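Report on the structure
Spelled out, the chains give:
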Amino acid sequence: MIDKFELFMRQIGLWIGFVLAAAAIYGAGPFPFIDQGLRLGGAIGSAVVITLSLKPLAKEFGGSSEFRRLFLWLIDIVILFGFIFTLFNFAEVYESLWDGVIILEAPTLAIGFFGTLVIIEMVRRAFGIILPIICIVMLVYAQFGDLPGIFGHRGFTFEEVVEVSWFSFSGVFGRPTDIVSSIVLVFIVFGAVLEATGATTILLKMATTATARIRGGTAHSAIVASALFGTISGSPVANVVGTGVFTIPMIKRQGFTNAFAGAVEAAASSGGQFTPPIMAAVAFIMAELIGVPYLQIAIAAAIPALFYYFSLFASVYAEAVRLGIEPLEEDQIPVLTKDDWIEAARFIVPLVVVVAVLFAGRSAAMAGFSAIVAAIVTGIGIDLIYVEKRQHIGAYGKQLVDALQKGGAQCAQIMVAVGSIGIVI
């Protein structure tokens, strides 16, 4: 019985992820404007429900005991309905936040404090204990900050701490949440859509072909593949999932250790955060905070990204020499055909579209929306060219739904993270 309930909750989480991803696409396109309050509350609320459904306490601490899992699910259900209530309360007081005139009575304070704690707990489930500890330390420091020395301040009351962290545009619903919900989410969804259209396979083949004649070639191909995927994703998690499942076994087969194979993929995928044209959330936040066009920041990031990947190449080459690993044999090196170059359009066309839209002076969100449309149209167009691939077009609907569900789950992780970052700020 409990297994069926967990499967049911997982499906709820995935479908809310689909809605979140679809809303991100809609909000980035040339459509009617989404009210800011609805966007902020909807994004944070969806993220909490998705995280709670996909990473329940029962899965983490339940073990094999049916009773314990049931008890932990009851706790999660209470958290779920309690947080939904806090969102309704946020909608009621939203207009008052603009005026800065809001009366925080004891019940309202309790609601805001509960919402803040839920965000911190969801971040723990998504990313581990470190960021929640930082959030809690900051909340305690805010209230009891009258310390000696340069770190001291007058201290704030509990009411002030809750007001800033929840009932304002400076905390959970602050600038990072606003920027990520309006701009960044569409690029996370774009990465999931691109993977669903089959771009990862040809990307890996091209990377392997380019590096096969270098000592430790498969590890180098992982770096190239992750760098290319990073240019269109900006998410290390999506990068590892999209390329690591293929590259890590390849690296191990050539003679590198398990730890080194995982380290190469992790390091290469992390570089996707600052590899232009599409970078991680912090780049978009930087552009908004300092008033510099995102395109200018992307151009500036090209140099450190280049040096970063050069250092990875050097490290892999040195390890290959140390282990005596030679380049691949000539008969093992894949050869790119005309069909492969046509397949490469699956990721080249969307990438060109992103750059073109940015250079045209349009918003970064519009660039993400245009890239998603380009990826879908290009994928269908290439499948129409080949008779043997036309049968796959019928499955495009399911693939896109799966991609949006996956992208929505990734968006939820980012949203709870930036909500907690708002608390720290």
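What this report covers is the structure whose coordinates are included nearby. What you are looking at is a predicted structure, and each value in this text was computed from that prediction instead of being measured. (Residues numbered from 1 in each chain as written. Predicted model: local features only at pLDDT ≥ 70, side-chain atom pairs only at ≥ 80, totals over all residues. Heavy atoms only, no water.)

Describing the environment of S170
For S170, the location among the structural elements is in the loop between α7 (158-165) and α8 (175-196). When its relative accessible area of 43% is taken as the criterion, S170 is described as partly exposed. Between the C-alpha atoms of S170 and V424, which are 254 residues apart in sequence, the distance is 9.7 Å. When residues no more than four places from it in sequence are discounted, the contact partners of S170 are V164 and G422. (Helix = DSSP H or I, 4+ residues; strand = E, 2+ residues; numbered from the N terminus. Buried < 20%, exposed > 50% of the residue type's maximum accessible area, 1.4 Å probe, protein only. Contact = heavy atoms within 4.5 Å.)

Points about the pattern of salt bridges
Going through the model one piece at a time under the given rule, you end up with 13 salt bridges. For E121, the salt bridge goes to R124, with nearest N and O atoms at 2.9 Å. In this pair, E121 and R124 both sit in helix α5 (residues 106-127), three residues apart, roughly one turn of the helix. Overall, R124 belongs to the buried group, its relative accessible area being 17%. Bridged by salt links that share partners, the residues E60, D76, E121, R124 and R125 form one connected network. (Salt bridge = Lys/Arg side-chain N within 4 Å of Asp/Glu carboxyl O.)

Points about the environment of Q410
Here Q410 is to be found in helix α18 (residues 396-424). Residue Q410 is classed as buried on the basis of its relative accessible area, which comes to 11%. Residues Q410 and P350 lie 60 residues apart in sequence; the distance between their C-alpha atoms is 20 Å.

Examining the packing of α5 against helix α6 (residues 130-143)
As a packed pair, α5 and α6 sit with axes 8 Å apart at the nearest point and diverge in direction by 155°. One element, α5, and the other, α6, form an angle in the roughly antiparallel class. Packed against α5, whose contacting residues are T116, I120, V123 and R124, the element α6 presents L131, P132, C135, I136 and L139 at the interface. (Axes fitted to C-alpha atoms, helices over the stretch in contact; angles between N-to-C directions. Parallel < 35°, antiparallel > 145°, perpendicular 65-115°, else oblique.)

Here we look at the packing of helix α1 (residues 2-28) against α18
Two numbers describe how α1 lies on α18: the axes approach to 7 Å, and their chain directions differ by 90°. Between α1 and α18, the angle is such that the two are roughly perpendicular. Contacts between α1 and α18 pair L14, W15, G17, F18, L20, A21 and I25 from the former with V401, L404, Q405, G408, A409, C411 and A412 from the latter. Split into classes, the residues belonging to the contact of α1 with α18 amount to 11 nonpolar, three polar and no charged. (Nonpolar A, V, L, I, M, F, W, Y, C, P; charged D, E, K, R; others polar.)

A short note on a nonpolar patch on the surface
Taken together, the side chains of I129, I130, I133, I134 and V137 make up a nonpolar region of the molecular surface, amounting to roughly 440 Å² of accessible area. With respect to the helices, strands and loops of the structure, V137 is situated in helix α6. (Patch = residues over 30% accessible without salt bridge, like charges linked within 9 Å, V, L, I, M, F, W, Y side chains within 5 Å. Areas by Shrake-Rupley, 256 points an atom, 1.4 Å probe, with all protein chains shown as cover.)

Some remarks on the nonpolar core
Counting residues in hydrophobic clusters, the biggest one holds 99 residues, and the most contacted among them are I119 and F347. With 12 residues, the single largest contributor to this core is α8. Non-local contacts of F347, meaning those with residues more than four positions away in its chain, are made with L194, A199, I202, L203, M206 and I232. Ranked by size, the runner-up nonpolar core spans 15 residues in total, among them A227, I251, A268 and V316. (Core = buried A, V, L, I, M, F, W, Y, C linked by side-chain atoms within 4.5 Å.)

Quick notes on the packing of aromatic side chains
Per the counting criterion, the structure on display carries 13 aromatic pairs. Measuring from centroid to centroid gives 5.1 Å for F256 and F260, while their planes differ by 20°, and the two rings are stacked. According to the relative accessible area criterion, F260 is buried, its value standing at 19%. Aromatic ring contacts, followed pair by pair, group F83, F90, W166 and F173 into a single cluster. (Phe/Tyr/Trp six-rings, centres within 6.5 Å; stacked < 30°, edge-to-face > 60°.)

Some details on the side chain of D340
Mapped onto the elements, D340 comes out in helix α15 (residues 338-343). You can call D340 buried: its relative accessible area is 10%. Dropping the residues within four chain positions of it, D340 is found in contact with I202, K205 and V335.

Thoughts on the side chain of R39
Here R39 is to be found in helix α2 (residues 36-54). Residue R39 is classed as buried on the basis of its relative accessible area, which comes to 16%. Within the local environment of R39, its side chain forms a polar contact with the side chain of S181, the two groups lying 2.9 Å apart. Every residue in contact with R39, bar those within four places of it in the chain, is listed here: I34, D178, S181 and S182. (Polar contact = N/O pair within 3.5 Å; in protein donor to acceptor, adjacent residues only side chain to side chain.)

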